[in-house]
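Residues per chain, in single letters:
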Amino acid sequence: MENMLRIRNFPVSFFAIILGLSGLSIVSQKLKFLLGEQLQWVFFSITITIFVILLAMFTLKLISHRDSLISDFYHPIKINFFPTISISFLLFSIFLLPHNKDISFYSWLLGTILHFMFTIKILSVWIYHEHFELKHINPSWFIPIVGNIIVPVAGSTHAPLEVSWFFFSIGIIFWIVLFTVFIYRIIFHNQLPQKLLPTFFIMIAPPAIGLIAYIKLGNELDAFANVLYFFALFLAIFLIYQLPRFYRIKFFLSWWAYTFPLAAISLASVQMYHLTDKDMYMSIAAAFFVLLVFMVMMLSVKTVKAVIKKELCVEE
């Protein structure tokens, strides 16, 4: 009975762990000339194992507690974490692209279709809602729409460029809109609750991944690309400055929001290194990678402790 109750309370935000671990795997792949060939596969194997476990729990909740899952989907905050499932497939595709193009394609195709469906459905819920208020918006709202920016990273290889431009356009325009609304909300209204403070780091990901996607679409390091990278870099520096404040809050699964954005800015810095051949960008990438590894190790320990103490999958 207790186990079934925990399944009912299984939060879809658990999949944020997969985003962080996938990002770590991809960065390790890009830095393999420094880290060796095997480390990326260690990280990726761990990622896939945890993903399968979480997907099984999610499926069990879908079968046995469908009402709870539907309720989560119409929750003003929980709804935004459903697309972490589709984004996971997109990140798997990016990692697998240099190793197996066919598997990468099918992972990309599944992730792209799922994410487009999430985009349409969640945007519809936003527009025709009956209970959302300005106080509900936080950076997790970027996930459903801005996740489209990830599609071109592998999609530029797997499909005509028009497909990638389609998704990139959705993500980049909505990023500007949602970022504007969020800045207005955070300055002129109440602060975010402590549980959601780590989601501030999500703001780094759209411009950082945006740079990578923009270059994949066949563009050069022009003014727009520079704006994307350096704005992401500023956000990363600004938020790292806030880490002592964030560290004082109680541990929640939302802490995993630190990880993927750190991977994104590290990957963007590697991209800048390849575009400019300037060593400072590789140094920045390595610094963010070290911080990312530290964060993943710390959060893994805290998550395991929370699982052992049965502090997760409880009714809120």
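Residues numbered from 1 in each chain as written. Predicted model: local features only at pLDDT ≥ 70, side-chain atom pairs only at ≥ 80, totals over all residues. Heavy atoms only, no water.

Considerations on the environment of Leu161
Selection rule: By the criteria applied, helices consist of DSSP H or I runs no shorter than four residues and strands consist of E runs no shorter than two, each listed in order from the N terminus. Exposure classes here rest on a 1.4 Å probe applied to the protein chains alone. A residue is buried below 20% of its type maximum, exposed above 50%, and partly exposed in between. In what follows, residue pairs with any heavy atoms lying within 4.5 Å of each other are defined as contacts.
You can see Leu161 is positioned in helix H10 (residues 161–188). The partly exposed category is assigned to Leu161, whose relative accessible area is 36%. Leaving out residues up to four positions away in the same chain, Leu161 has contacts with Ser156, Lys216 and Leu217.

Quick notes on unusual backbone geometry
One non-glycine residue, Asp277, adopts positive backbone phi at about 60 degrees. When you line up the elements, Asp277 lands in the loop between helix H14 (259–276) and helix H15 (279–308). Classification of Asp277 as exposed rests on a relative accessible area of 58%.

Topic: the side chain of Gln271
Tracing the sequence through the fold places Gln271 in helix H14. On the accessibility criterion, Gln271 (15% relative accessible area) is buried. In this view, Gln271 contacts Ile212 and Ile215; residues no more than four positions away in its chain are not counted.

Considerations on the packing of helix H2 (residues 16–30) against H15
Let me state the cut-off plainly: All axes here are fitted lines through C-alpha atoms, helices being fitted over the stretch that makes contact, and every angle between N-to-C directions spans 0 to 180 degrees. The hand of a helix crossing depends on one turn: near helix anticlockwise from the far one by less than a right angle means left-handed, and clockwise means right-handed. Residues are grouped as follows: Ala, Val, Leu, Ile, Met, Phe, Trp, Tyr, Cys and Pro are nonpolar; Asp, Glu, Lys and Arg are charged; every other residue, Gly included, is polar.
Interhelical geometry of H2 versus H15 gives an angle of 145 degrees and a closest axis separation of 11 Å. Handedness of the H2/H15 crossing: left-handed. Across the interface between the two elements, Ile17, Leu21, Leu24, Val27 and Ser28 from H2 touch Phe289, Leu292, Val293, Val296 and Thr303 from H15. Partitioning the contact of H2 with H15 into residue classes produces 8 nonpolar, 2 polar and no charged.

So, the pattern of salt bridges
For clarity, the threshold we go by: Salt bridge, as used here: a side-chain nitrogen of Lys or Arg that lies within 4 Å of a carboxyl oxygen of Asp or Glu.
In total, this model carries 5 salt bridges according to the counting rule given. The closest approach of N and O atoms between Glu37 and Lys32, which form a salt bridge, is 4.0 Å. Between Lys61 and Asp72 there is a salt bridge, with its nearest N and O atoms 2.8 Å apart. Of this pair, Lys61 sits in helix H4 (residues 38–64) while Asp72 sits in helix H5 (residues 66–73), and the two are 11 residues apart along the sequence. For Lys61, a relative accessible area of 1% translates into the label buried. Three or more residues joined by partner-sharing salt bridges are found here, namely Lys61, Asp72 and Lys78.

Focus on helix H12 (residues 223–241)
Applied cut-off: Helix span, expected: 1.5 Å multiplied by one less than the number of residues in the helix. Polar contact criterion, stated in full: a pair of N or O atoms within 3.5 Å, where within protein one must be able to donate a hydrogen and the other to accept it, and residues adjacent in sequence count only if both atoms are side-chain atoms.
The end-to-end C-alpha separation of H12 is 27 Å, in line with the 27 Å expected for 19 residues at 1.5 Å each. Against H10, helix H11 (205–216), helix H13 (243–247), H14 and H15 lie the buried residues of H12. Its side-chain oxygen at 3.3 Å from the backbone nitrogen of Phe224, Asp222 defines the N-terminal cap of H12.

Details of the confidence of the model for the chain
Let me state the cut-off plainly: Think of pLDDT as the predictor's per-residue confidence, scored from 0 to 100.
Averaged over every residue, the pLDDT of the chain is 91; the share at 70 or more is 97%. Per-element confidence in the chain ranges from a low mean pLDDT of 66 for helix H1 (residues 2–8) to a high of 97 for helix H6 (residues 84–96).

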